[in-house]
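Chain by chain, the residues:
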Amino acid sequence: MRKSEVKRKTKETEVVCSVNLDGVGISKISTGVGFFDHMLELLCHHSLIDINMVVKGDTHVDLRHTVEDAGYALAQSIIIALGNKKGIRRYGFFYIPMDECLSRCAIDFSGRPELVWKVNLGLEKLGEMDTELFHEFFKAFTNEAKCNLHIENLYGSN
């Protein structure tokens, strides 16, 4: 089984993240940011990757450190679980329709980090989470996983 656990401790956060790439989509997520937890749970559900993540961050200051460090830890966990990447399909893409919106995501575990972000959410916040933090999460993930990640909202506003 391709599993790993990463512990990350900084001045602002403490993260414990474990993944099972051959899971069934089970999640135990606690970041202290409700909408972010929800999005990570959906990632587990649709990817069939099991993720356990607990983040204790300085959310009384802001949510950025929590979200960004979660991205770093998740990427580290996935890369460790992938090992030498033997047998994986390096490239992947996905389109997702959600009501009136259509978005596309393409990823390549190339060993070279690059994030292309063409997303305008049109809202400043989702729940208590600043929408600009999604870019920070994916930037941290991309840099740590050393992958190319292209995310684009093709149309729609919600």
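Located above this text is the structure these notes cover.
Residues numbered from 1 in each chain as written. Predicted model: local features only at pLDDT ≥ 70, side-chain atom pairs only at ≥ 80, totals over all residues. Heavy atoms only, no water.

Asks: Looking at this structure, I do not really get the sheet that holds strand β2 (residues 13-20). What am I missing?
Replies: Either a parallel or an antiparallel arrangement is found when strands of a sheet pair, and the pairing is made through backbone hydrogen bonds. Spatial strand order, β1-β2-β4-β3: four strands in an open sheet with mixed pairing. Each having just a single partner strand, β1 (3-9) and β3 (27-30) make up the two edges of the open sheet. Strand after strand, the sheet turns through a mean of 5 degrees between neighbouring axes, direction not considered. Set on the sheet, helix α1 (residues 34-47) makes contact with β3 and β4 (50-57); between it and β3 the angle comes to about 160 degrees. Of the strands in this sheet, β1, β2 and β4 touch helix α2 (residues 64-82), which is tilted by about 35 degrees from β2. (Pairing = 2+ DSSP bridges. Helix = DSSP H or I, 4+ residues; strand = E, 2+ residues; numbered from the N terminus. Axes fitted to C-alpha atoms, helices over the stretch in contact; angles between N-to-C directions. Contact = heavy atoms within 4.5 Å.)

Asks: Looking at this model, I keep getting lost on the pairing of β1. Mind explaining?
Replies: On a regular strand, one side chain projects to one face of the sheet and the next to the other, so that they alternate. Across seven bridges, the pairing between β1 and β2 is antiparallel. Considered in β2, the bridge of Lys3 is made with Asn20. Where β1 folds back on β2, the antiparallel hairpin that results is connected by three residues.

Asks: Teacher, can you tell me more about the environment of Phe94 here?
Replies: Mapped onto the secondary structure, Phe94 falls in strand β5 (residues 91-98). Judged by relative accessible area, which is 56%, Phe94 ranks as exposed. Note: C-alpha distance between Phe94 and Arg104 (10 residues apart in sequence) is 5.8 Å. Those residues in contact with Phe94, other than ones at most four positions away along the chain, are Ser103, Arg104 and Cys105. (Buried < 20%, exposed > 50% of the residue type's maximum accessible area, 1.4 Å probe, protein only.)

Asks: Would you take a moment to explain α2 for this structure?
Replies: Count 3.6 residues to each turn of an α-helix, and residues three or four apart come out pointing the same way. Given a rise of 1.5 Å per residue, 19 residues ought to cover 27 Å, and the 27 Å separating the end C-alpha atoms of α2 matches this to within 8%. Counting buried positions along α2 gives 14 out of 19 residues, so the element sits mostly inside the fold. The first or second residue beyond α2 is Gly83, which carries a positive phi of 60 degrees. (Expected span 1.5 Å × (residues − 1).)

Asks: Please explain the state of the cysteines as it appears in this structure.
Replies: Each disulfide is one covalent bond, formed between the sulfur atoms of two cysteines. For the structure on display, the rule yields zero disulfides. The thiol of Cys44 is not disulfide-bonded; the next cysteine sulfur, from Cys17, is found 8.8 Å away. Between Cys101, a free cysteine, and Cys105, which holds the nearest cysteine sulfur, the sulfur-to-sulfur gap is 16 Å. Residue Cys101 is classed as buried on the basis of its relative accessible area, which comes to 9%. (Disulfide = S-S within 2.5 Å.)

Asks: Is there a simple way to explain the pattern of salt bridges in this structure?
Replies: For side chains bearing opposite charge, pairing can occur when the charged atoms are close. Tallied over the full model, the rule gives eight salt bridges. A salt bridge links Arg64 to Glu136, with the nearest nitrogen and oxygen atoms 2.9 Å apart. Of this pair, Arg64 sits in helix α2 while Glu136 is found in helix α3 (residues 132-145), placing the two residues 72 residues apart along the sequence. Exposure remark for Arg64: the relative accessible area of 35% places this residue in the partly exposed category. The salt bridge involving Lys125 is made with Asp130; its shortest N-O contact spans 2.7 Å. The class for Lys125 is partly exposed, based on a relative accessible area of 45%. Ionic contacts of the salt-bridge type, sharing partners, join the residues Arg64, Glu68 and Glu136 into one network. (Salt bridge = Lys/Arg side-chain N within 4 Å of Asp/Glu carboxyl O.)

Any functional reading would require information beyond the geometric quantities listed.
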